Amino acid sequence: MRTEVVSEPGHEDRPNEDFASVGVPAFGQGGCLVVLDGVTPPRTGTGCLHSVPWFTARLGGALTELTVSFPDLTLPEILARAISRTAEAHKITCDLSHPRTPQATVVLARWSAGTLDYLVLSDSVLLLESPAGGVTAVLDDRLARLPRASLATDALIDAEIRNKEGGFFTAAADPSVAGRAVTGSVPRSGVRALAALTDGAARWVEKFHEGDWTQCVGLLRKEGARALVNRVRSLETADEEERTYLRRSKTHDDATAVFVEP
């Protein structure tokens, strides 16, 4: 089993809001992958005493433990339990009904000898490579399909489309959001490798158009996850003044890439 995990903050003076883990059950068969991209909070606050890194560490830790320990649960059930467990840890001190309560995107995958199950919520990406080399991108593209006018301001997003029907969904404090995730199963024999990227690492494809998802997996296999993140950083720096590709996006985002050959 080959595993590579690289997670780097967008700025040295800010904590990394991403989370990544790979788990292998004690009985030696199968495994799991968890990647979260914490949503950067607004300056106006979140109604919570805790930071986004605190939240992603709690949620990511719960997802890893539950996925490894409870193979009979579905991935949506695991996500719902992990959200509930994390909410219980701070519901007394924090306003979890606040639209910007700490929250994150989710990529969750679990494989056994016969099957690989997956779950994707919001705009991180899971890539599945077949033995023949073809790559399937598992995407929750609801945010990308929204009209630009609905994303004009944070206040409009929070009031109209964040975790609302017709908008997009993230893992925050409501366990029912697990039912909104993109899920599926494929034969384990049909997956040679898998990769998970937060949108900061996926910029190589989605923002800078340096290659497609198949070429991205090829880069991860040949040069590694660190090489992908380094290339994204170089492209971001080159685009810093002209803003040809990033436009309204922040110059440097937290970037996480996980590559697994199970």
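Description of the structure in this document. (Residues numbered from 1 in each chain as written. Predicted model: local features only at pLDDT ≥ 70, side-chain atom pairs only at ≥ 80, totals over all residues. Heavy atoms only, no water.)

**Section: the sheet that holds strand β5 (residues 115-121)**
Sheet architecture is open: five strands sit in the order β2-β3-β4-β5-β8, paired in antiparallel fashion. Only two strands of the sheet have a single partner each, and these edge strands are β2 (18-23) and β8 (182-187). Here the strands of the sheet are splayed against their neighbours by 5° on average, with no regard to which way each runs. Inspection of the sheet shows strand β4 (residues 104-111) paired to β5 by six bridges, in the antiparallel sense. Along β5, the bridge assignment pairs Ala109 with Tyr118. Sitting on the sheet, helix α2 (residues 75-88) is in contact with β4, β5 and β8, with an inclination near 45° to β5. (Pairing = 2+ DSSP bridges. Helix = DSSP H or I, 4+ residues; strand = E, 2+ residues; numbered from the N terminus. Axes fitted to C-alpha atoms, helices over the stretch in contact; angles between N-to-C directions. Contact = heavy atoms within 4.5 Å.)

**Digging into the side chain of Asp18**
Along the chain, Asp18 falls in strand β2. Buried charge without a salt bridge: Asp18, with Arg233 as the nearest opposite-charge side chain at an N-O distance of 7.4 Å. Polar contacts involving the side chain of Asp18 include one to the side chain of Thr198, which spans 3.2 Å. Asp18 has contacts with Ser7, Leu36, Asp37, Gly38, Thr56, Thr198, Asp254, Ala255 and Thr256, leaving out every residue within four places of it along the chain. (Buried < 20%, exposed > 50% of the residue type's maximum accessible area, 1.4 Å probe, protein only. Lys, Arg positive; Asp, Glu negative; His and termini not counted. Salt bridge = Lys/Arg side-chain N within 4 Å of Asp/Glu carboxyl O. Polar contact = N/O pair within 3.5 Å; in protein donor to acceptor, adjacent residues only side chain to side chain.)

**Some details on the side chain of Asp253**
Structurally, the position occupied by Asp253 is in the loop between α7 (225-238) and β10 (255-261). Under the relative-accessibility criterion, Asp253 is labelled buried at 9%. Not counting the four nearest positions on each side in its chain, Asp253 is found in contact with Glu8, Gly10, Asp199, Gly200, Arg203, Arg233 and Glu236.

**Examining the nonpolar core**
Leu36, Leu59, Leu63, Leu79, Val106, Leu108 and Leu121 are the most contacted members of the largest nonpolar core, which has 24 residues in total. Listed by contribution, the elements that provide at least two residues to this core are β3 (31-38), α1 (52-69), α2, β4 and β5. Within the second largest apolar cluster, 23 residues are counted, among which are Val135, Ala193, Leu228 and Ala255. (Core = buried A, V, L, I, M, F, W, Y, C linked by side-chain atoms within 4.5 Å.)

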